[in-house]
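Architecture at a glance
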Amino acid sequence: MTDVIIAGIGQTPVGEHWELGIRNLATAAIRDALQNSGGLKPQALFVGNMLAPNLSNQAHLGALIAEYTGLTGIEAITLEAAGASGGAALRQGYLAVSSGMVDVALVVGVEKFTDKIGADVEEATATENDSDFESIHGMTIGAQAALLMKRYMHENNVPENGFAGFALNAHANSVANPNAAFRKAIKAEMYAKSEMVSDPLKIFDMAPHLDGAAALVLTRRELIPSDWQGQPVKIAGSAASTDTLALHDRKDMLRFDTAQISASKAMKQAGIELNQINFFEYHDIFNIYAALQLEAVGFAPRGQGWKLAEDGSIGLKGRIPCATLGGMKARGFAGGAAGVYQAVEAVTQLRGQAGANQIAGAQFGLIQSLGGAASTAVSHILQKLG
Amino acid sequence: MEIPRHWRLKKQRYGLVGEVCPHCNHKIFPPRDVCPNCGDEAKEQFAFSGKGEVYSYTTVYEAPAGFDANAPYTVAIVKLEEGPMLTAQLTDMGEQPIQIGMSVEMVTRKMRNDGDERGVIVYGYKFRPVAQNAIAG
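Note that the coordinates shown come from a computational prediction; the quantities given were computed from them, not determined experimentally.

Rules and cut-offs
- Residues numbered from 1 in each chain as written.
- Chains lettered and ligands numbered in written order.
- Predicted model: local features only at pLDDT ≥ 70, side-chain atom pairs only at ≥ 80, totals over all residues.
- Heavy atoms only, no water.
- Pairing = 2+ DSSP bridges.
- Helix = DSSP H or I, 4+ residues; strand = E, 2+ residues; numbered from the N terminus.
- Axes fitted to C-alpha atoms, helices over the stretch in contact; angles between N-to-C directions.
- Salt bridge = Lys/Arg side-chain N within 4 Å of Asp/Glu carboxyl O.
- Buried < 20%, exposed > 50% of the residue type's maximum accessible area, 1.4 Å probe, protein only.
- Contact = heavy atoms within 4.5 Å.
- Buried area = accessible area lost by both parts, 1.4 Å probe.
- Nonpolar A, V, L, I, M, F, W, Y, C, P; charged D, E, K, R; others polar.

Turning our attention to the sheet that holds strand β2 (residues 44-48) of chain A. All names here are of chain A. If you walk across this open sheet you meet the nine strands as β3-β2-β4-β7-β1-β8-β11-β10-β9, and the pairing is mixed. Each edge of the sheet is formed by a strand with only one pairing partner; in this case those strands are β3 (75-79) and β9 (279-281). When strand polarity is set aside, the average angle formed by the axes of neighbouring strands in this sheet is 25°. Pairing of β9 with strand β10 (residues 364-371) involves three bridges; the strand directions are parallel. Paired with F280 across the two strands is L366, which belongs to β10.

Our focus in this paragraph is the pattern of salt bridges. Residue and element names in this part refer to chain A. For the structure shown, the criterion picks out 17 salt bridges over all chains. R220 serves as the salt-bridge partner of D103, at 2.4 Å between the closest nitrogen and oxygen. With D103 in the loop between α4 (85-99) and β4 (104-111) and R220 in strand β7 (residues 212-220), this residue pair connects regions lying 117 residues apart in the sequence. On the accessibility criterion, R220 (9% relative accessible area) is buried. Salt-bridge contacts for K202 lead to E160; the nearest nitrogen and oxygen are separated by 3.7 Å. Of this pair, K202 sits in strand β6 (residues 201-202) while E160 is found in the loop between α6 (141-156) and α7 (164-174), placing the two residues 42 residues apart along the sequence.

Contact residues are listed per partner, giving 31 residues for chain A and 37 residues for chain B. Counting each side, the surface lost to burial between chain A and chain B is near 2,900 Å², with a carbon and sulfur contribution of 60%. Of all residues in chain A, F133(A), I136(A) and H137(A) bury the most surface against chain B, accounting for 24% of the area lost on that side. In this structure, the connection of chain A to chain B is made through two salt bridges. Note that D249(A) and R32(B) form a salt bridge whose closest N and O atoms lie 3.3 Å from each other. Counting residues per element, the side of chain A that touches chain B draws most heavily on α6(A), which supplies seven residues. Its residues assigned to classes, the side of chain A that touches chain B shows 11 nonpolar, nine polar and 11 charged.

So, in structure tokens, the structure goes:
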């Protein structure tokens, strides 16, 4: 099979962009990515978006964004898989280009959270839960994470501030990322004193929901112009998996099966073992998800994922660096863009352009995008070529 | 108001009616038509006892629209004595501290206003603690 290359990356800063709508955010990221690709001409656009029909009363983003970006006429469609929408859009772009049906695909993830606030945002995000049997009981996405976290702490004797290390690592790593929403390191005391959102989940156990867009240009290796000067990064593995929306419907809710299945499939496709992965961009919308992903992928045994944050294993110089440019916790969670930001940041690492946060000698990165509490997981292995 | 939707779910909301698989006898709630245990069709109705225990719980302070008037409230995952788990609010707790493993039973309560001027209310199941001495008696 021919190599699919990420030839261009683009992004907006994540934040409260009062002055920008969905179309403006998407266009900014797309233009950035097209320029970064050296002027490749896309034939298809895959949009990752989670909640525009709810938060912005706007559906049909494929045509809207293609037209607004000056790409009228090309094929364009929206992919929705809750928080995994960005990962799902990347995978569709990958499938289109690797199949040979599309030569150059554009992938954009975009989310506009801040046109609504408070109870309206909670109502919108709760649509990713099981509406008939979870959301009708007042379940929020934060409550879902808190239920998992409570049970996890109960079964594994995790101390009260046992998840602090995830937040500390993310915030330390965001300082050097100009696109991160919160570029400030935090201390353990700040975590300990932070506001309780849904017991035992504190505000520093969850990522802020903010606006942003990120974009990628994909093509086959042989189609890259001979004068292109960039460092090629290959999509070496791509896989997705699904599980129940409701936590109560799972046989074992403390095991993220979709994360395990999609990661192992992607690694198998890439032909690599776990110890060859140089860094892991997990889906840290909640710290408990990061812990469960570390266990599912195989970096920690069951019930021990939280300890990798405690002992520094996830740090830039640790055994498996995670959230290397701030993750969702500190860069910010921009819904359907989240999975595309992961890819943009992984490419930045593999190109050797991560500055102070550069993982020395990085050759393989794992990125994993989750929808809900891992009801969907999309995993990609990105590889530095040459 | 999504009247057909709430009407459609009345047996589950008021009576905790799920399914029993005619092929492997697995008890299913919420109903899902295909048995998660054996993969065969399972549409035979089965009414659950409403007895169970708390598997996990949390308090919601920032509630979605339609629920914010009741915040804060406690959401739990309850493991029914017949096996399945479900999500529900805990109610009638008084001063009693909640613990994982505590015994609870189903009651019918107001779940939310539907926010329109007709004042239609959605009712359904919540769970309350089982009085330990009442059981002993």
